[in-house]
Amino acid sequence: QVQLVESGGGLVQAGGSLRLSCVASGGSIIVNAMGWYRQAPGKERELVASITSGGSTNYADSVKGRFTISRDSAKNTMYLQMNSLKPEDTASYYCHANLRKAWNSRPMDYWGKGTRVTVST
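Below is a summary of the structure that appears in this document. Predicted, not measured: the structure shown is a model, and the values here were computed from it.

## Quick word on the pattern of salt bridges
Working step 1: Under the defined criterion, the tally for this structure stands at four salt bridges.
Working step 2: Two residues, Arg38 and Glu46, come together in a salt bridge whose shortest N-O distance is 2.7 Å.
Working step 3: Taking relative accessible area as the criterion, Arg38 reaches 6% and is therefore assigned buried.
Working step 4: Residue class for Glu46 comes out partly exposed when judged on its relative accessible area of 36%.
Working step 5: Put simply, Lys64 and Asp61 hold a salt bridge, and the shortest N to O gap is 3.1 Å.

Right under this line is the structure:
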């Protein structure tokens, strides 16, 4: 059974930092692209940052220069280093992965259950 499990969320003051982690597990999975999304109350889910299997990254304009996405492919783990946090970064952060359950299966999208980030003024 494929699972994506996020950790690292919490309460932090504006200007502070947090590091989110996401571990993908489940048999012989082969992970392609991964990404972080967030959803604030009353708003749609939005892409924060993504990273390909080759390490190419993409960021939302609102987090460029403050957030850094990375991954350890050997551990099927992805990270999001969040610096200079602002109150508007407050949201639930979700891990996304496009992966194959086995070498001969088709790629599918999976989501974690989310981790809450709250930035206080």
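Still more to cover.
## Here we look at the side chain of Arg66
Working step 1: Here Arg66 lies in the loop between β6 (57-59) and β7 (67-72).
Working step 2: The exposure class of Arg66 is buried, given its relative accessible area of 10%.
Working step 3: Reaching out from Arg66, the side chain makes a polar contact with the backbone oxygen of Ser62 at a distance of 2.9 Å.
Working step 4: Engagement of the side chain of Arg66 in a polar contact is seen with the backbone oxygen of Ser84, the distance being 3.0 Å.

Calculation notes
Residues numbered from 1 in each chain as written. Predicted model: local features only at pLDDT ≥ 70, side-chain atom pairs only at ≥ 80, totals over all residues. Heavy atoms only, no water. Salt bridge = Lys/Arg side-chain N within 4 Å of Asp/Glu carboxyl O. Buried < 20%, exposed > 50% of the residue type's maximum accessible area, 1.4 Å probe, protein only. Helix = DSSP H or I, 4+ residues; strand = E, 2+ residues; numbered from the N terminus. Polar contact = N/O pair within 3.5 Å; in protein donor to acceptor, adjacent residues only side chain to side chain.

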